[in-house]
Amino acid sequence: MEAITRDFFLYLSKNSLLNKIAQNRGGSFAAGKLIGGVDFKSSVRFIRDLNNQGLSVTVDHLGEFVDSVEVANERTEECISTIEMISKEGLDSQVSLKMTSLGLDIDHDLVVKNMTRILDTAEKHKIMVTIDMEDVPRCQATIDLFKKFKEKYSCVSTVLQAYLYRTEKDLEDLGKYQPFLRMVKGAYKESPEHAFPEKTDVDENYKKLIEQSLLNGNYTAIASHDDQIIEYTKELAKKHNIPNDRFEFQMLYGMRNKTQLELAKQGYKMRVYVPYGMDWYGYFMRRLAERPANIAFAFKGIFKK
């Protein structure tokens, strides 16, 4: 049933008609519930509210798989503008982005040029930029780009996905860079050739990767709504005397709001992933596909506000 549910929501995420309807009619419905707003400016008040509650933020301008140089350059300008506004407004926020949004599928030199401009701005304002991980065909290119940028910039981090077989080796290879890493289970539909097909295996690999990352001294963000993973991380930190400032928890905006606040009150860094933009529908469907419990979390978040 979980596999059927996952496939169903992934199918919906790729439905162009539903995406178009959501863009045309759903921005106001989603704002302040699933996304910050249709643009960054309209998201600022929601981010400030989260900050005032003791929660940190990372923002993401929704949209990926860009196939136009013009759009890739527009996304670059948007990200630069966002970083500058975060600094100007004094927000406790980082930025997340995908390499495909900057032209990864178009031209290598284009994505390097665009990301360099973004990181130059990020270094100036001391704001972390996280390179989100994408599907398997783009995984190695994303890691290679991260390594390239990490040699020059300090304000850059990336994401590793626990459901991929390759991730343990990737984590080992990244060790020498002393990376800031976000650890996730993974949201894309991948074949058993590349990914663990069973949830129990993904969970066990996730725990192993969290332990490996923390014991290697990497600053590690555990991005999960799963109580089992959260409690495992807490106990692991206690067992090995890992201070709270060496890791953080991350959750999606609009999901598990009470738990987010509880973790912050317990003294843990809690960062909320706040997406914004018109392309919210596909993002939302993928989040529901990740884990059936997200469906309940999402609708509670929607109708409680």
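In this report, we go over the structure that sits alongside the text. Keep in mind that this is a model prediction, so the values were computed, not measured.

### So, the packing of aromatic side chains
And step 1. Evaluated as defined, the whole model comprises 6 aromatic pairs.
And step 2. For the pair phenylalanine 247 and phenylalanine 249, a centre-to-centre distance of 5.8 Å together with 85° between the ring planes defines the contact as edge-to-face.
And step 3. Given the relative accessible area of 0%, phenylalanine 247 is considered buried.
And step 4. Both rings, one in phenylalanine 249 and one in tyrosine 268, keep their centres 5.5 Å apart while their planes meet at 75°; by these two values the pair is edge-to-face. In this pair, phenylalanine 249 sits in strand E7 (residues 247-252) while tyrosine 268 sits in the loop between helix H11 (257-265) and strand E8 (270-276), placing the two residues 19 residues apart along the sequence.
And step 5. Note on phenylalanine 249: relative accessible area 0%, which makes it buried.
And step 6. With a relative accessible area of 12%, tyrosine 268 lands in the buried category.
And step 7. Each residue in the set Phe247, Phe249 and Tyr268 is aromatic and connected to the rest through ring pairs, giving one cluster.

### Points about the packing of helix H7 (residues 136-150) against helix H8 (residues 167-174)
And step 1. Close contact between H7 and H8 brings their axes to 12 Å; oriented N to C, the two are set at 10°. One element, H7, and the other, H8, form an angle in the roughly parallel class. For the pair H7 and H8, the contacting residues are Cys139, Ile143, Phe146 and Lys147 in the first and Asp170, Asp173 and Leu174 in the second.

The rules behind each value
- Residues numbered from 1 in each chain as written.
- Predicted model: local features only at pLDDT ≥ 70, side-chain atom pairs only at ≥ 80, totals over all residues.
- Heavy atoms only, no water.
- Phe/Tyr/Trp six-rings, centres within 6.5 Å; stacked < 30°, edge-to-face > 60°.
- Buried < 20%, exposed > 50% of the residue type's maximum accessible area, 1.4 Å probe, protein only.
- Helix = DSSP H or I, 4+ residues; strand = E, 2+ residues; numbered from the N terminus.
- Axes fitted to C-alpha atoms, helices over the stretch in contact; angles between N-to-C directions.
- Parallel < 35°, antiparallel > 145°, perpendicular 65-115°, else oblique.
- Contact = heavy atoms within 4.5 Å.

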